[in-house]
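Chain by chain, the residues:
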Amino acid sequence: MGSAASGVVFPLLILSITGDNALLAGIAVALGTLPYVLLSLHAGALVDRWDRKRVLIWSMALRAANIASVVVTLSAGSITLWQLYLNALIEGTLVVFTGIAATAALPRVVPKLQLPDANSQSLAADTLAQMSGPALGTWLYQAVSRAAPFLLEVVSYLMSAVLMLFIRRSLQGERVPTQSSLRQEIARGWIWWWTQPFLRSMAYINSGLHLVLPALTLLIIVRAKDVGVPDGSVGLLFTAGALGGLAGALVGPRLQRRLSYGRAVPGIILYQALTFPLLAVAPAPVVLGLAFFLVEAAPPAYDVVQYSYRLALIPDELQGRVNSSFRLLAWGTRPVGALLAGFLLEWVGGMVTALLYAALLLSLSLAAFANRHIRNAPPLAEVARQS
């Protein structure tokens with residue numbers, strides 16, 4: 001919630017000190033995401049080497065110190081663009097370590113059969129934070145002070161670091177000392193999952209899905225203009241989408257328990273393919289909001305099923321390396337998806353773009369149904385028992 005509150009005002013702050021220069025604000029956003037591309041593989045290997053709890057505690061503490069510098073210089077009236085760029089780069093770097101360490105630690109906190117429920121609760125909490133955080137951040141920024149949202153973020157990081165101390169369970173298994181170089185350890189993690197036909201197939205499916213996800217924000221904004229939604233009310237559409245995401249996160253564990261993996265994953269993609277055209281044909285704002293609700297229910301439900309299964313499948317000592325390299329490949333299509341969405345929306349408009357993405361989703365669903373490694377994936381209970 002603290003990150004969501006400050007995340008929405010960070011670009012606002014840059015715009016205010018640069019005279020509404022969107023390019024300079026965009027550079028800050030890029031600097032915040034750059035570390036994932038550059039550091040994720042090394043971070044994954046280091047997380048598998050180091051004590052994960054200490055990684056999480058120190059990362060949170062350093063993130064608090066980094067954002068505290070924004071609070072201090074804002075309060076003193078000496079904030080500069082270059083400092084904000086450095087803050088964005090540091091925050092992005094620490095987010096890489098925090099995210100990979102938390103992912104690797106989760107199977108040590110709950111039994112593997114409870115991973116779908118744990119991921120469902122995490123995604124639901126995340127959705128609620130994304131719904132409330134931006135509104136809280138902009139209110140603090142306007143009504144209290146420009147530094148207030150960042151102070152909230154500092155407090156939230158410190159609270160996270162303190163709460164980590166109360167987890168008594170070890171967040172990794174026993175480690176066998178190794179003389180391997182970091183590069184060799186990264187290669188071992190990559191080779192392990194690449195030689196697993198099931199994980200390799202899922203990486204291709206996820207890469208295709210991440211062509212679609214970045215398009216949704218732009219698509220909704222364009223379609224909102226098509227049906228006459230005022231600029232000040234566009235946020236209500238995204239609230240509807242967030243509520244759909246919350247519903248999907250809560251439904252995910254039930255799908256995992258009632259359906260085999262080979263039916264649940266392709267079925268969720270098929271559901272999204274069938275609901276996506278509603279974005280193209282929605283004739284009014286209320287119908288567009290309902291369509292967005294239905295479409296946005298799919299990604300969290302999909303994540304609960306496939307993410308939980310993947311965590312249960314990966315050996316503890318490889319969690320950091322496998323997840324970082326898997327995500328790097330699967331998420332690598334996001335920039336392409338964003339550029340493709342902009343091109344399509346500019347040249348063929350929102351209705352045709354929505355239908356083209358629906359066709360892509362349908363093809364991914366059919367590919368997942370046809371893939372024997374996905375179709376014959378054993379139940380989660382069997383994977384948990386074997387690992």
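In this text the structure is predicted, and so the values were computed from the model without any measurement. (Residues numbered from 1 in each chain as written. Predicted model: local features only at pLDDT ≥ 70, side-chain atom pairs only at ≥ 80, totals over all residues. Heavy atoms only, no water.)

Trainee: Can you walk me through the overall build of the chain in this structure?
Mentor: Along its length, the chain carries 19 helices and zero strands. Expected size for 387 residues packed as a compact globule is a radius of gyration near 21 Å; at 21 Å, the chain falls within 12% of this value. C-alpha atoms of the chain, sized along the principal axes, occupy 55 × 50 × 30 Å. Of all 387 residues assigned to the chain, the portion counted as buried reaches 48%. Considering only contacts in the chain between residues 6 or more positions apart, those separated by 24 or more positions represent 85%. Carbon together with sulfur atoms contributes 68% to the accessible area of the chain, which is approximately 18400 Å² in total. With 27 positive and 17 negative side-chain charges, the chain shows a spacing of 9 Å between the two charge centroids. (Helix = DSSP H or I, 4+ residues; strand = E, 2+ residues; numbered from the N terminus. Rg over C-alpha atoms; globule rule 2.2 N^0.38 Å. Buried < 20%, exposed > 50% of the residue type's maximum accessible area, 1.4 Å probe, protein only. Contact = heavy atoms within 4.5 Å. Areas by Shrake-Rupley, 256 points an atom, 1.4 Å probe, with all protein chains shown as cover. Lys, Arg positive; Asp, Glu negative; His and termini not counted. Charge placed at Lys NZ, Arg CZ, Asp CG, Glu CD.)

Trainee: For this particular structure, what's the right way to read the environment of Gln-83?
Mentor: Position of Gln-83 among the secondary structure elements: in helix H4 (residues 81–109). Judged by relative accessible area, Gln-83 falls into the buried class, the value being 16%. Sequence-wise, Gln-83 and Ile-167 are 84 residues apart; in three dimensions their C-alpha atoms are separated by 35 Å. When sequence neighbours within four positions are dropped, the list of residues in contact with Gln-83 reads Ser-69, Val-70 and Thr-73. Only 3.3 Å separates the side chain of Gln-83 from the backbone oxygen of Ser-69, close enough to count as a polar contact. (Polar contact = N/O pair within 3.5 Å; in protein donor to acceptor, adjacent residues only side chain to side chain.)

Trainee: Can you help me understand the packing of helix H8 (residues 197–212) against helix H17 (residues 349–370) in this one?
Mentor: The description of two helices packed together rests on the angle between their axes and the distance between the axes. Closest axis-to-axis distance for the H8/H17 pair is 10 Å, and the angle between their directions is 165 degrees. It follows that H8 is roughly antiparallel to H17 by the angle criterion. In this structure, H8 crosses over H17, and the sense of that crossing is left-handed. From H8, Ile-205, Gly-208, Leu-209, Leu-211 and Val-212 reach across to H17, where they touch Tyr-357, Leu-360, Leu-361, Leu-364, Ala-367 and Ala-368. Its residues placed into classes, the contact of H8 with H17 shows ten nonpolar, one polar and no charged. (Axes fitted to C-alpha atoms, helices over the stretch in contact; angles between N-to-C directions. Parallel < 35°, antiparallel > 145°, perpendicular 65-115°, else oblique. Left-handed = near helix turned anticlockwise from the far one by under 90°. Nonpolar A, V, L, I, M, F, W, Y, C, P; charged D, E, K, R; others polar.)

Trainee: Would you mind going over a nonpolar patch on the surface with me for this structure?
Mentor: Taken together, the side chains of Leu-34, Val-37, Leu-38, Leu-39, Leu-86, Leu-89 and Ile-90 make up a nonpolar region of the molecular surface, amounting to roughly 570 Å² of accessible area. Elements supplying a minimum of two residues to the nonpolar patch: helix H2 (22–49) and H4. The element contributing the most residues to the nonpolar patch is H2, with four residues. Residue placement: Val-37 occurs in helix H2. (Patch = residues over 30% accessible without salt bridge, like charges linked within 9 Å, V, L, I, M, F, W, Y side chains within 5 Å. Salt bridge = Lys/Arg side-chain N within 4 Å of Asp/Glu carboxyl O.)

Trainee: Can you help me understand H17 in this one?
Mentor: Count 3.6 residues to each turn of an α-helix, and residues three or four apart come out pointing the same way. In this model, H17 (22 residues) spans 32 Å end to end at C-alpha, consistent with the 32 Å of a helix rising 1.5 Å per residue. Those residues of H17 that fall on the buried side of the exposure criterion are Gly-350, Thr-353, Ala-354, Tyr-357, Ala-358, Leu-361, Leu-364, Ser-365 and Ala-368. In a view along the axis of H17, the buried residues occupy a sector of 140 degrees, so they form one face of it. Facing away from the buried surface of H17 by more than 90 degrees, the exposed residues are Leu-366 and Ala-370. Buried residues along H17 sit in contact with H8, helix H9 (215–226), helix H11 (261–275), helix H12 (277–281), helix H16 (334–347) and helix H18 (372–375). (Expected span 1.5 Å × (residues − 1). Arc of directions from axis to C-beta.)

Trainee: For this particular structure, what's the right way to read helix H13 (residues 285–296)?
Mentor: The end-to-end C-alpha separation of H13 is 16 Å, in line with the 16 Å expected for twelve residues at 1.5 Å each. All of the buried residues along H13 are Leu-288, Gly-289, Ala-291, Phe-292 and Val-295. Looking straight down H13, one finds its buried side chains confined to an arc of 160 degrees; they lie on one side.

Trainee: Would you mind showing me how to read the nonpolar core here?
Mentor: For soluble globular proteins, nonpolar side chains are generally found buried alongside one another. Ranked by size, the top nonpolar core spans 61 residues in total, and within it Tyr-261, Phe-276 and Leu-279 carry the most contacts. Looking at this core element by element, the count peaks at eight residues for helix H14 (residues 298–313). With near-sequence residues (within four places) excluded, Phe-276 lies in contact with Val-212, Leu-216, Leu-219, Val-295, Ala-354, Tyr-357, Ala-358 and Leu-361. Formed by 38 residues, the second largest nonpolar core is a distinct cluster that contains Ala-28, Ala-43, Val-47 and Ile-67. (Core = buried A, V, L, I, M, F, W, Y, C linked by side-chain atoms within 4.5 Å.)

Trainee: Would you explain the packing of aromatic side chains in this entry?
Mentor: Given two aromatic rings, their pairing is described by the distance between the two centres and the angle made by the two planes. For the structure shown, the criterion picks out twelve aromatic pairs. Here the aromatic rings of Trp-190 and Trp-193 are separated by 5.9 Å at their centres, their planes lie at 45 degrees, and the arrangement is tilted. A residue pair is termed a helical-turn pair when its members lie 3 or 4 positions apart in one helix, as Trp-190 and Trp-193 do in helix H7 (residues 182–194) at three residues. For Trp-190, a relative accessible area of 28% gives the class partly exposed. (Phe/Tyr/Trp six-rings, centres within 6.5 Å; stacked < 30°, edge-to-face > 60°.)

Trainee: Please explain the pattern of salt bridges as it appears in this structure.
Mentor: Any two side chains of opposite charge can pair, so long as their charged atoms come close to each other. One pass over the structure, following the stated rule, counts seven salt bridges. With a closest N to O distance of 3.2 Å, Asp-48 and Arg-52 form a salt bridge. Taking the relative accessible area as the measure of exposure, Arg-52 reaches 0% and is therefore buried. Bridged by salt links that share partners, the residues Asp-48, Arg-52, Asp-316 and Arg-321 form one connected network.

Trainee: Is there a simple way to explain the side chain of Thr-333 in this structure?
Mentor: Mapped onto the elements, Thr-333 comes out in the loop between helix H15 (319–330) and H16. Using a relative accessible area of 18% as the deciding quantity, one classes Thr-333 as buried. A distance of 2.6 Å separates the side chain of Thr-333 from the backbone oxygen of Ser-207, its partner in a polar contact. Ignoring anything within four residues of it in the chain, the contact list for Thr-333 reads Ser-207, His-210 and Leu-211.

Trainee: Would you mind showing me how to read the environment of Asp-316 here?
Mentor: The topology assignment puts Asp-316 in the loop between H14 and H15. The spatial distance from the C-alpha of Asp-316 to the C-alpha of Leu-152 is 34 Å, given a sequence separation of 164 residues. For Asp-316, the residues in contact, after removing those within four places along its chain, are Asp-48, Arg-52, Ala-104, Arg-108, Leu-171, Gln-172, Gly-173 and Arg-175.

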